[in-house]
Amino acid sequence: MAKRFRRLVLLLWPAIVAAAAFAQQAPLDLTAPAMAAQKSAKSKGAPAPISTDEALSRANAWLDGARVMSADFVQIGPNGRRSEGQLSVARPGHMRFEYTDPPRFEIIADGRSVAIVDKKLNTQDEYFIGQTPLKFLLSDHIDLARDTHLINVSQEGKTITVELEDRAALGGTAHLSLVFDASTFALKQWTVIDAQGFQTVVTLFNVDLKTNPDPALFHIDENLPANQLGNRRR
C-alpha cells in the first residue's frame, strides 16, 4: 500500500523540478539587474525575463483556465524506469492517469475520491482527494500562493519553474516543481519529490484543452476490492 501511495504522490504532485535537460543548468535570478537579465535572454533567444509576481500570476491563470485537458504523458520514476500513458482532466475534481506502457495501473479521481487501480491484481486503494496533492490541482479555482507554500520562481531560457511545497499531504511534505513555457505559460512538465526523497518527472505532450473527456473515464468501480485510507463510501 505504501508503494501505491508513493506512486500517487509522485505522479500527481504537479516536487515539478525542471526536466533532466534543465536540471544541469543554473536558474536565472529574477532579481538580477534588468539590463543583465535582458542581455542574457537576448543571447539565448529566450523571452524577456518577467517578475516573480507576474510569473506566478500567469501560471495561475493557465492552470485555472484549463477546465478540461487531454494529453499524452511520459513518466520517469525514481528508479529511472520510463512509463507512458494518457491523462484526462475535467475540473473540478475529475482526473485519470491511464498507463499504457506498461498497462498495469490507473489513477482515477471521481470528484470525491482518488483510486489507484492495479489491473494485474484487480484491486484498488482509495483516498479522499483532500488527502492528496490533487486537492489543489483539481479544485474549482486554483491559487498556488494560497493553497501551497511557494519556495521559488525561476526562469531559464524558454521555461519558467515554480517550486512549491505541500505540507499537508498524506505521508508528509511533498516538494513540487512545475515547468511552464515562458511564452505561453502552458504546463510542460512536473517533478515530484516525496517525503522519502523519491523523485518522479512527468512530461506532457499533445495537450488538448478544448475536448471534453468522456465522463465514464472518471468512474471508480466500487465492486473492486478496495483498501480505503480515511475514505469510507456510503
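Residues numbered from 1 in each chain as written. Predicted model: local features only at pLDDT ≥ 70, side-chain atom pairs only at ≥ 80, totals over all residues. Heavy atoms only, no water.

1. Some words on the pairing of strand β9 (residues 174–181)
Stage number 1. The buried fraction of β9 is high, at seven of eight residues.
Stage number 2. Looking at chain direction, strand β8 (residues 159–166) and β9 are connected through eight bridges and run antiparallel. Within the sheet, the bridge partner assigned to D166 lies in β9 and is A174.
Stage number 3. The antiparallel pairing of β9 with strand β10 (residues 187–193) creates a hairpin that spans five residues between the two strands, and F185 there sits at a positive phi of about 60°. (Buried < 20%, exposed > 50% of the residue type's maximum accessible area, 1.4 Å probe, protein only. Helix = DSSP H or I, 4+ residues; strand = E, 2+ residues; numbered from the N terminus. Pairing = 2+ DSSP bridges.)

2. Some remarks on the packing of aromatic side chains
The relative placement of two aromatic rings is captured by the distance of their centres and the angle of their planes.
Stage number 1. This model, assessed by the stated rule, comprises four aromatic pairs.
Stage number 2. Centroid distance F73 to Y99: 5.5 Å. Interplanar angle 90°. Geometry classified as edge-to-face. One end of the pair, F73, is in strand β1 (residues 68–76); the other, Y99, is in strand β3 (residues 94–101), with 26 residues separating them in the sequence. Note on accessibility: F73 and Y99 belong to one class, buried.
Stage number 3. A ring pair is formed by F97 and W190, whose centres lie 6.3 Å apart and whose planes are at 85°; its orientation type is edge-to-face. Of this pair, F97 sits in strand β3 while W190 sits in strand β10; the two residues are 93 residues apart in sequence, bridging distant segments of the chain. (Phe/Tyr/Trp six-rings, centres within 6.5 Å; stacked < 30°, edge-to-face > 60°.)

3. Focus on the pairing of β1
Stage number 1. By the bridge criterion, nine bridges tie β1 to strand β2 (residues 82–90) in an arrangement that is antiparallel. Among the inter-strand pairings, F73 is bridged to a residue of β2, identified as G85.
Stage number 2. If you look at the hairpin formed by β1 and β2, you'll find five residues sitting between the two strands, and G80 has a positive phi there, around 85°.
Stage number 3. Note: β1 against strand β11 (residues 199–208), six bridges, orientation antiparallel. Within β11, the residue paired with Q75 across the bridge is V202.

4. Re the pattern of salt bridges
Should the charged atoms of two oppositely charged side chains come close, the side chains can pair.
Stage number 1. One pass over the full model with this rule turns up eight salt bridges.
Stage number 2. Residue R104 pairs with D118 through a salt bridge whose shortest N-O separation is 2.7 Å. Taken together, the residues span a long stretch of sequence, with R104 in the loop between β3 and β4 (105–110) and D118 in strand β5 (residues 113–118) at a distance of 14 residues.
Stage number 3. Here the residues in one salt-bridge network are R96, E98, E106 and K119, joined through shared partners. (Salt bridge = Lys/Arg side-chain N within 4 Å of Asp/Glu carboxyl O.)

5. A look at unusual backbone geometry
Stage number 1. Cis geometry marks the peptide bond from R91 to P92; its omega dihedral reads 0°.
Stage number 2. Here P92 is to be found in the loop between β2 and β3.
Stage number 3. Cis geometry marks the peptide bond from D101 to P102; its omega dihedral reads 0°.
Stage number 4. Within the secondary structure, P102 sits in the loop between β3 and β4.

6. A word on the side chain of E106
Stage number 1. Take E106: it is sitting in strand β4.
Stage number 2. Here the side chain of E106 touches R96 through a polar contact of 2.9 Å, side chain to side chain.
Stage number 3. Not counting residues up to four positions away in its chain, the partners in contact with E106 are R96, F97, E98, A115, I116, V117 and K119. (Polar contact = N/O pair within 3.5 Å; in protein donor to acceptor, adjacent residues only side chain to side chain. Contact = heavy atoms within 4.5 Å.)

7. Topic: the confidence of the model for the chain
Stage number 1. Scored by pLDDT, the chain comes out at a mean of 79, with 74% of its residues at no less than 70.
Stage number 2. Looking across the chain, the model is least confident in helix α2 (residues 20–23), with a mean pLDDT of 28, and most confident in β1, with 96.
Stage number 3. Here residues 13–43 scores under 50 on pLDDT; set against residues more than four positions off or in separate chains, the count is 74 contacts. (pLDDT = per-residue confidence, 0-100.)

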